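# Tertiary structure, described
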Number of protein chains: 2
Amino acid sequence: MIPVKAFATKGPDSPLAPFEFERRDLREHDVLVDILFSGVCHSDVHQARNEWGGSMYPMVPGHEIVGKVLKVGSKVTKFKEGDLAGVGVMVDSCRECKPCVSHMEQYCVEGMTGTYNGYERDKVTIAQGGYSTQIVTDERWVYHISDKLELSGVAPLLCAGITTYSPLKYANVQPGDKVAVAGLGGLGHMAVKFALAMDADVTVLSTSPSKKQDALDLGAHHFELSTDEETMKKLKDNFNVILDAISADHDYEKYLDLLDLNGKLLVVGLPKDNPKVNPFALIKNRRSIIGSMIGGTKETQEMLDFCAEKNITANVEVIKMQDINEAFERMIKNDVKYRFVIDMASLK
Amino acid sequence: MIPVKAFATKGPDSPLAPFEFERRDLREHDVLVDILFSGVCHSDVHQARNEWGGSMYPMVPGHEIVGKVLKVGSKVTKFKEGDLAGVGVMVDSCRECKPCVSHMEQYCVEGMTGTYNGYERDKVTIAQGGYSTQIVTDERWVYHISDKLELSGVAPLLCAGITTYSPLKYANVQPGDKVAVAGLGGLGHMAVKFALAMDADVTVLSTSPSKKQDALDLGAHHFELSTDEETMKKLKDNFNVILDAISADHDYEKYLDLLDLNGKLLVVGLPKDNPKVNPFALIKNRRSIIGSMIGGTKETQEMLDFCAEKNITANVEVIKMQDINEAFERMIKNDVKYRFVIDMASLK
């Protein structure tokens, strides 16, 4: 077994604190990754605090992981010692169902194995995440990372990145398409970058005028206040695609109305109350609402290669592992542009 | 001007009664159709009784029209005297916007001209529908009808037919796909016929056990009770496509849960209360909810040609014009399999 240092929480009301545990010895297809940076996702807070129910403790959060390969199993073909490597939101699946065979393991019929806060396939071992010094993962769920990219900014690509890239690809965004992004946080700012890299005409929709400069700084072509009635009237039937990354409660109708012929509302945010849908707004212009959850192993690698080609990374604030509890509090207040990333050197 | 006989209502509380008015003289591109059969759509009741608001009186309902060409304008190229012809839910549009140029005139940016209960493009003349002996329509909105099909059963294709054909095509239903139809009325029974003709594996979902024999009579491969919890559990992640033709209030989640990877919920029913959507059910399996409204002129002709090739017509109960008020009452009670069609000979 491989001893690792980590930060874990022991229950919904406990802060994250130093924790030591062991990773499994390498199986034939396993890769041992020395973790360099670990992104802090809003879902880390939800799960650490059991806000979605069913949390398993002690819990080492973290599913936006980048590092360097330390060692590989005897049958590993994708990686060798010294390679840069990433691990994302999942680390295993049944590998046999239709979604798995199509490399869309996030929709595995038996359920994917999350990187933390769930059982591994043995149904006994609790998977532990990236707020730790090392991780052991089957090579299918380990990705190549280009050495051209700033590593700290790569970590969030493994969740925030793929979660927004995948639906934009599924919606078949083409150069010149009018794409709007609603909700400018960790997910939203990645959606803006991807839509720009796909040569779309990009608008940020926000309830807060203070986001205007942020949107323009990211390169968005337009910024529109979604609280302004005149603006919303002007934007009716306007967009080909709207990526809805809003996690606060909201109705879909307001955004549906802005969609042009065959327009698509891509839903990746998860509000607590179920949004309502006006069927008249849906049948007008043959609009769609499309849900999407992260992305499969093949598409995650495709996204990382796309980022290398287009020089895309997340905008991050690098913190020490010891500052994680303060980072959680700041994240809840949206006081981060746009992702905290832990420099794991602080734990070694 | 061309004098015609009709049945009209003079207000939301008036029954339909004999009415005479004049159709316009033929313009260059107009076709004069002698109406043989006129289908009775549920929306005729909603509009006659002003249940959607904004109704215009006197109103001659009817937008499922088949007949024979009596006369054509000087520049008409598509039709000649004696041809069978159909007119559907719309009779004009701006002809210049993106949807119009793509022959999806139902989504015209200025708004399509409905066959009745709305102004024509002159913004003065009220369009009057198919519960009448003749109609004058621009040839773009007149369709060829095969003489191989039973004419009374063709009339409902112009609304119930295209409304269900169009989304099934947009969802790209393939042979072997698992397609479910929820709501077995005028729309639903057409959806079953189309899905069968597309070689799908077809299931009827219903809240009423009495619909089982009806479903099997239509050729559906399976019938499932949507009120049975065990059945709904068994059907989870099962269908590629569900066509939701339910007009009663309902939530989408129940049906979303039944969709497999990339599954599509096609919405053509218009419940009064806005249905709720659970975003977790939406992101699972990358599901979509897609709205759809009738179909454009090009696709309506394609649908009619498909019906001729596959020998598809609606199941109808032919009535006299004088029986329309009773038919409205029976339709409200779903006491029709599956569409009333008026034999216009009764008015001549």
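Residue numbers restart at each chain and count upward from 1, following the sequence in its written direction. Chain letters start at A and ligand numbers start at 1, both assigned in the order the entries are written. Predicted model: local features are reported for residues with pLDDT of at least 70 only, side-chain atom pairs are reported and counted for 80 or more only, and whole-chain, interface and lining totals are derived from all residues. Excluded from the side-chain calculations are hydrogens and water; all other atoms, namely the structure's heavy atoms, are used.

Attention now goes to the overall build of chain A. Only DSSP runs of H or I reaching four residues or more are called helices, and only runs of E reaching two or more are called strands; each is numbered from the N terminus. Along chain A, the regular secondary structure elements total 11 helices and 17 strands. A radius of gyration in this sense is built from C-alpha atoms; the matching globule rule multiplies 2.2 Å by the number of residues raised to 0.38. Its C-alpha atoms give chain A a radius of gyration of 20 Å, within 12% of the compact-globule value 20 Å for 348 residues. For chain A, buried positions account for 61% of its 348 residues. Residue contacts are counted whenever heavy atoms from the two residues lie within 4.5 Å of one another. At a minimum sequence separation of 6, the contacts of chain A that also span at least 24 residues come to 67%. Computed by Shrake-Rupley with a 1.4 Å probe, the accessible areas treat only the displayed protein chains as cover when residues are assessed. On chain A, roughly 13900 Å² of surface is accessible, and the fraction owed to carbon and sulfur atoms is 48%. Counting 40 positive and 49 negative side-chain charges, chain A places the centres of these two groups 2 Å from one another. Exposed residues in this analysis have more than 50% of their type's maximum accessible area, buried residues have under 20%, and partly exposed residues fall in between, with area computed by a 1.4 Å probe over protein chains only. Under this rule, positive means Lys or Arg and negative means Asp or Glu; His and the chain ends count for nothing. Where a charge lies is defined by one atom per residue type: Lys uses NZ, Arg uses CZ, Asp uses CG and Glu uses CD.

Another point: the interface of chain B and chain A. The figure often quoted for interface size is the accessible area lost as the parts come together. With 36 residues of chain B in contact, the opposing surface of chain A contributes 36 residues. Reported buried area values correspond to the accessible surface (1.4 Å probe) lost by two parts on association, with both partners' losses combined. The contact between chain B and chain A buries some 3400 Å² in all, and 64% of this surface belongs to carbon and sulfur atoms. For the chain B face of the interface with chain A, the top three residues by lost area are Tyr170(B), Ile283(B) and Arg286(B), together amounting to 21%. Salt bridge criterion: a side-chain nitrogen from Lys or Arg within 4 Å of a carboxyl oxygen from Asp or Glu. Our count for the contact surface shared by chain B and chain A stands at two salt bridges.

Here we take up helix α5 (residues 186-197) of chain B. Within an α-helix, residues lying three or four positions from one another point in the same direction, as the helix has 3.6 residues per turn. All names here are of chain B. Expected helix span is given by 1.5 Å per residue-to-residue step, counting one fewer step than there are residues. Its 12 residues give α5 an end-to-end C-alpha distance of 17 Å, which sits within 8% of 16 Å, the value for a rise of 1.5 Å per residue. Residues Gly186, Gly188, His189, Met190, Ala191, Val192, Lys193, Phe194, Ala195 and Ala197 constitute the buried set of α5. Residues of α5 that are buried sit in contact with α4 (160-170), β10 (178-182), β11 (201-206), β13 (239-244), α10 (297-310) and β17 (339-343). Downstream of α5 by one or two residues, Asp199 has phi in the positive range, about 65°.

Copy-to-copy superposition: least squares on the C-alpha atoms, limited to residues that have pLDDT of at least 70 in both copies. Of the transformation placing chain B onto chain A, the axial shift is 0.0 Å and the rotation is 180°, giving an RMSD of 0.0 Å. Overall, the copies show the geometry of a two-fold rotation axis. Of every C-alpha in chain B, the one belonging to Lys276(B) sits nearest the axis of rotation, 2.1 Å from it. Of all interface residues in chain B, 100% are interface residues in chain A too; the two copies therefore contact each other through one and the same surface.

Our next topic: the nonpolar core. Residues grouped as a nonpolar core are buried Ala, Val, Leu, Ile, Met, Phe, Trp, Tyr and Cys residues, joined through side-chain atoms within 4.5 Å. Ranked by internal contacts, the top residues of the largest apolar core, which has 56 residues, are Val66(A), Val154(A), Leu168(A), Val192(A), Phe194(A), Met303(A) and Leu304(A). In terms of residues, this core owes the most to one element, helix α5 (residues 186-197) of chain A, which gives seven residues. Source of the domain bounds: an automatic or database domain assignment. For this core, the two domains that each supply at least three residues are domain 1 (2-159 + 314-346) and domain 2 (161-291) of chain A. Among the nonpolar cores identified, the runner-up in size contains 55 residues, and Val154(B), Tyr165(B), Val241(B) and Tyr338(B) belong to it.

Residue and element names in this part refer to chain A. Once the domains are mapped, chain A shows domain 1 (2-159 + 314-346) and domain 2 (161-291). The C-alpha-based centres of domain 1 and domain 2 are spaced at 28 Å. Taken together, the contact pairs nine residues of domain 1 with 11 residues of domain 2. Per-residue buried area on domain 1 facing domain 2 is highest for Leu157, Cys159 and Tyr338; these three make up 55% of the total on that side. There are one salt bridge connecting domain 1 and domain 2. Lys337 is the partner of Asp214 in a salt bridge, and the nearest nitrogen-oxygen pair spans 3.1 Å. Lys, Arg, Asp and Glu make up the charged group, whereas Ala, Val, Leu, Ile, Met, Phe, Trp, Tyr, Cys and Pro make up the nonpolar group; the residues left over, Gly among them, are polar. Considering only residue class, the side of domain 1 that touches domain 2 consists of six nonpolar, one polar and two charged.

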